[in-house]
Amino acid sequence: MYYLSFENDVFIDENLDLRYIEDLLRIYLNKTDSYEIKILKENKSMEGPVEEFAVYSSENAYEYIFQGIIDDEFKEMLLANLIGENALKFFGISLFNDGKLLFESINYGSEIYIFGFDEHSVVDFSKELEELYGIKEINVYVEDEEDDDHNHNHEDGGHHHNHGHNH
């Protein structure tokens, strides 16, 4: 299995077109069945819309963590609160299908990870991202076989790369 990642500095470049995040979320919300959203406590105002949909929630010293099922109402709420006045107040959004991570946007959308590609589709998708959105530095990785069933959580060091290169 392959996955790709790329970064855009949403903090420095205020003219950056962030529609790619909305488009990618729209695609992956339709391919996934559950989510986890992290909201930093300093952005407490974003908690309300998400909390309403959460099946499970917890918090640590810095953030609120919400988990739940993806349905049409959740999709509408998320996309409505993503771009514009409320743009990217979510520190992290992870989308899962049958327990496997397929899409992750962290650090307010500046880092994107997309999982579950094969050798050919990962190349096609990275070319499409470059053509449609001008995203140039896309990293493509091969997942170790024993890692396939692993929940790819950044904090626990779940990413193991045996190969990586830039496109």
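No experiment lies behind these values; they were computed from the predicted model shown.

A. Main features of the pattern of salt bridges. On inspection of all chains with the given rule, the structure shows five salt bridges. The salt bridge involving Glu59 is made with Lys41; its shortest N-O contact spans 2.6 Å. Highlighted residues: Glu59 in strand β3 (residues 56-59) and Lys41 in the loop between β2 (34-40) and α2 (47-51), separated in sequence by 18 residues. With a relative accessible area of 26%, Lys41 lands in the partly exposed category. Each of Glu36, Lys38 and Glu63 takes part in one network of salt bridges that share partners.

B. Region of interest: helix α1 (residues 19-29). Every buried residue of α1 is accounted for by Tyr20, Ile21, Glu22, Leu24, Leu25, Tyr28 and Leu29. On its buried side, α1 packs onto β1 (2-7), α3 (72-80), β5 (92-97), β6 (100-106), β7 (111-117) and α4 (119-133).

C. Geometry of the packing of α1 against α3. Following both chains from N to C, one finds α1 and α3 inclined at 170°, their axes separated by 11 Å at the closest point. The orientation of α1 with respect to α3, classified from their angle, is roughly antiparallel. Across from Glu22, Leu25, Arg26 and Leu29 in α1, the residues of α3 making contact are Phe74, Lys75, Leu78 and Leu79. Among the residues making up the contact of α1 with α3, the classes are represented as five nonpolar, no polar and three charged.

D. Inspection of the packing of α1 against α4 at higher detail. Where α1 contacts α4, the two axes come as close as 11 Å, and the packing angle between them is 140°. Between α1 and α4, the angle is such that the two are oblique. α4 is crossed by α1, and the crossing has right-handed handedness. Of α4, the residues touching α1 (which contributes Tyr20, Asp23, Leu24 and Tyr28) are Phe125, Leu129 and Tyr133.

E. Structural context of unusual backbone geometry. A positive phi angle, near 55°, is found at Asp98, a position not held by glycine. The topology assignment puts Asp98 in the loop between β5 and β6. Owing to a relative accessible area of 68%, Asp98 belongs among the exposed residues under this scheme. One non-glycine residue, Asn107, lies in the positive phi region at around 55°. The residue Asn107 is located in the loop between β6 and β7 in this model. Accessibility expressed as a relative area gives 24% for Asn107, which makes it partly exposed.

F. Spatial organisation of the environment of Asn43. Topologically, Asn43 is positioned in the loop between β2 and α2. For the pair Asn43 and Glu63, spaced 20 residues apart in sequence, the C-alpha to C-alpha distance is 9.0 Å. The contact partners of Asn43, leaving out residues within four places of it in the chain, are Lys89 and Tyr108.

G. How the structure looks around the environment of Asn97. Relative to the elements of secondary structure, Asn97 occurs in strand β5. Among the residues examined, Asn97 registers a relative accessible area of 32% and is labelled partly exposed. Beyond its immediate chain neighbours, meaning those up to four positions away, Asn97 contacts Lys31, Thr32, Asp33 and Leu102.

H. Structural context of the pairing of β3. As defined by bridge partners, β3 adjoins strand β4 (residues 63-69) across four bridges and the pair is classed as antiparallel. If you follow Ser57 over to β4, its bridge partner there is Phe66. Here β3 hands over to β4 after three residues, the two strands then running antiparallel side by side.

What counts and what doesn't
Residues numbered from 1 in each chain as written. Predicted model: local features only at pLDDT ≥ 70, side-chain atom pairs only at ≥ 80, totals over all residues. Heavy atoms only, no water. Salt bridge = Lys/Arg side-chain N within 4 Å of Asp/Glu carboxyl O. Helix = DSSP H or I, 4+ residues; strand = E, 2+ residues; numbered from the N terminus. Buried < 20%, exposed > 50% of the residue type's maximum accessible area, 1.4 Å probe, protein only. Contact = heavy atoms within 4.5 Å. Axes fitted to C-alpha atoms, helices over the stretch in contact; angles between N-to-C directions. Parallel < 35°, antiparallel > 145°, perpendicular 65-115°, else oblique. Nonpolar A, V, L, I, M, F, W, Y, C, P; charged D, E, K, R; others polar. Left-handed = near helix turned anticlockwise from the far one by under 90°. Pairing = 2+ DSSP bridges.

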